[in-house]
Amino acid sequence: MGKLKGEGWRPRRTVVFGSWGAEEEGLIGSGEFVEDYIRSLQERTVAYLNCDSVASGNFSLSVAASPLLHSMIREASKKVPDPHEPSKKLYDTWRMKRPEEEGNPDTRPKINKLGAGSDYAPFFQHAGIASSDMLSDIDPALGVTSYPLYHSAYETFDLQDRFIDPDWTVHQAVGRLWGEMAVILADALVLPLDVRDYATALQQMMDELRQEHGSRLSAQNIGLEHLESAIANFTRATTTFHQTVGSVDKSNPFTVRAVNDRLMKLEGAFIDPLGLPDRPWFRHVAFAPSSVNSYAGQSFPGLADALFDIDNAADQAARWEVVKKQLAVTTFTVQSAANTLVSNLF
């Protein structure tokens, strides 16, 4: 980016670099920053791109992100050489080693849900800003969640230089991917955020909810038809809006601004100002860290928390009331998000 700037490049949008302190103590640096500037961030931020423990391993790229960024990330990875096989692109080896459909490398590369294991959490979970996290990880076949020296006294520069990334090409590849994404987001006239991927994610989450808890909910005479209807409405809204994006008059700054504003605001439409039950700082209704594993992402977290181990709850009647309330909150939020894309009120 420095070289581009030296050649006269001026991005259409401002690119802000942040380096956060006290992450291990509770995301303090990034959390305080977001809380201090939350109004401006929510009004003006297109996306937040996180890097943390970039070379946790040298097996394959691993990405977690908001569905809005999925298509853009995959396209950007097609422009970056693979660190181990430069004749191939990062996309190719990522898809081969971490396919979306397990065992089928012909599918797209897998992108995980965001939890709260790094500094993207305040931006995504609290402020409602589309976010991503990327790193190179170890082979999951090894059966460990991270490289064995993680957070030990042996986690040094020498460890990277001698064992994990001796030629520093893994760091370069992740850095180049970050750079491609940042330049794309900074320079695109119409923001490259695909709302249809959000609809796909919600439909998959609905299927998971029905499969895991459908019979238990039915036994309590709790139906999912209203949430299903809201997701169907959201899906139709994304299809219609995507057609609008494709036909927007790019010579008209007002129509471009109107489309970009809705794209920017969609993630924030999933924020509940009251937050999740018993953890109000986390406010994203569609995605949040699991209440039993902060590193893992959880779909429909308010519902998931209420349903977790409910059969062993001391006061089951009270817990089922929480389930009903969170189902209503989730349904309302999804429908409200659909309205942000197609509403003709403003």
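Just so you know, the residues in each chain are numbered from 1, in the order the chain's sequence is written. Only residues with pLDDT of 70 or above have their local features reported here, since the model is predicted, and side-chain atom pairs are shown and tallied only from 80 upward, although totals for entire chains, interfaces and linings are computed over all residues. The basis for every side-chain value is the complete set of heavy atoms in the structure, and neither hydrogens nor water enter the calculation.

Draft legend 1. Up close: helix α5 (residues 90-97). Regarding α5, the residues found buried are L90, Y91, T93 and W94. Whether two residues touch is decided by their heavy atoms; if any such pair falls within 4.5 Å, the residues are in contact. Only runs of H or I of at least four residues qualify as helices and only runs of E of at least two qualify as strands under DSSP, and these elements are numbered from the N terminus. Of the surrounding secondary structure, the elements contacted by the buried residues of α5 are β2 (60-65), α4 (70-77) and α8 (169-187). Exposure is judged per residue with a 1.4 Å probe applied to protein chains only, and the accessible area is read against the type maximum: over 50% gives exposed, under 20% gives buried, and values in between give partly exposed.

Draft legend 2. Region of the structure containing the pairing of strand β3 (residues 131-137). Counting buried residues in β3 gives seven out of seven residues, a clear majority hidden from the surface. Of the two faces of β3, the one holding S131, D133, L135 and D137 and the one holding S132, M134 and S136 are both buried throughout. When DSSP finds two or more bridges between a pair of strands, those strands are recorded as paired. Looking at chain direction, strand β1 (residues 48-55) and β3 are connected through five bridges and run parallel. Note that in β3 the partner of C51 across the bridge is M134. Relative to β3, β2 runs antiparallel, the two sharing six bridges. From the neighbouring strand, S62 faces β3, where its bridge partner is L135.

Draft legend 3. Unusual backbone geometry, seen in detail. In the Ramachandran plot, D278 falls in the positive-phi region, its phi being about 70° despite a non-glycine side chain. Assignment of secondary structure puts D278 in the loop between α11 (253-266) and β4 (287-290). Positive phi, normally seen in glycine, also occurs at F300, with a value near 40°. Note that F300 resides in the loop between β5 (293-299) and α12 (301-307).

Draft legend 4. View of the sheet that holds β3. Taken in spatial order, the three strands make up an open sheet running β1-β3-β2, and their pairing is mixed. Taken across any chain shown, the strands that pair with only one partner, and hence form the sheet edges, are β1 and β2. Within the sheet, the average angular offset between the axes of one strand and its neighbour, ignoring direction, is 15°. Helix axes are fitted only over the stretch in contact, all axes being lines through C-alpha atoms; the angle between N-to-C directions runs from 0 to 180 degrees.

Draft legend 5. Molecular detail of the side chain of E23. Following the sequence through the fold, E23 ends up in the loop between α1 (2-6) and α2 (28-36). It turns out E23 is buried and unbridged, and the closest side chain with the opposite charge, R279, is 16 Å from it. Sequence-distant contacts of E23, that is, excluding residues within four places in its chain, are made with D52, G117, S118 and D119. Two residue types count as positive, namely Lys and Arg, and two as negative, namely Asp and Glu; His and chain ends fall outside the count. Salt bridge criterion: a side-chain nitrogen from Lys or Arg within 4 Å of a carboxyl oxygen from Asp or Glu.

Draft legend 6. Seen up close, the pattern of salt bridges. This model, assessed by the stated rule, comprises 14 salt bridges. In this structure, the salt-bridge partner of E43 is K265, at a minimum N-O distance of 3.4 Å. In this pair, E43 sits in helix α3 (residues 38-44) while K265 sits in helix α11, placing the two residues 222 residues apart along the sequence. Classification of E43 as exposed rests on a relative accessible area of 54%. Taking the shortest distance from any N to any O, the salt bridge between E208 and K113 comes out at 3.4 Å. Taken as a pair, E208 in helix α9 (residues 195-219) and K113 in the loop between α5 and α6 (120-126) lie far apart in primary sequence, 95 residues in all. Given a relative accessible area of 39%, E208 falls into the partly exposed group. With a relative accessible area of 33%, K113 lands in the partly exposed category.

Draft legend 7. Just the nonpolar core, in detail. By convention a nonpolar core is built from buried Ala, Val, Leu, Ile, Met, Phe, Trp, Tyr and Cys residues, the set being connected through side-chain atoms within 4.5 Å. Judged by nonpolar contacts, the single largest core of 85 residues is most densely connected at L202, F234, L266, F270 and V323. The biggest single contributor to this core is α9, with nine residues. Residues in contact with V323, not counting those within four places in the same chain, are L217, I222, L303, A306, L307 and I310. If you look at the next biggest cluster of nonpolar residues, it comprises six residues, including I138, Y147, I164 and V170.

Draft legend 8. Fine view of the side chain of R13. Its location among the elements puts R13 in the loop between α1 and α2. It is D187 that comes nearest to the buried, bridge-free R13 among opposite-charge side chains, at 6.7 Å. Aside from chain neighbours lying at most four places away, what touches R13 is V46, L185, A186, D187, A188, L189, L191 and N260.

Draft legend 9. Main features of the environment of T255. By secondary structure assignment, the location of T255 is in helix α11. As a C-alpha pair, T255 and V245 span 10 residues in sequence and 9.7 Å in three-dimensional space. When near neighbours in sequence (up to four residues on either side) are disregarded, T255 contacts V248 and D249. Any pair of nitrogen or oxygen atoms within 3.5 Å is treated as a polar contact; in protein, a donor-acceptor pairing is required on top of that, and neighbouring residues in sequence qualify only through side-chain atoms on both sides. One polar contact links the side chain of T255 to the main-chain carbonyl oxygen of N252, over a distance of 2.9 Å.

Draft legend 10. The arrangement of the environment of M1 in detail. By the element assignment, M1 lies in the segment before α1. Judged by relative accessible area, which is 31%, M1 ranks as partly exposed. Each C-alpha atom, one on M1 and one on G179, is 7.5 Å from the other, the two residues being 178 residues apart in sequence. Setting aside its immediate chain neighbours within four residues, M1 contacts W9, V15, F17, W178, G179, A182 and V183.

Draft legend 11. Focus on α9. In a regular helix each residue adds 1.5 Å, so 25 residues correspond to 36 Å; α9 covers 35 Å between its end C-alpha atoms and thus fits that length. At H213, α9 shows its largest kink, close to 65°. Along α9, the positions that sit buried rather than exposed are V195, D197, Y198, A199, A201, L202, M205, M206, L209, H213, G214 and L217. Looking one or two residues beyond α9, the residue adopting positive phi is N221, at roughly 60°. For a helix, the expected span equals 1.5 Å multiplied by the number of residues minus one. Values of bend correspond, residue by residue, to the angle between axes fitted over the seven residues ending at that residue and the seven starting there.

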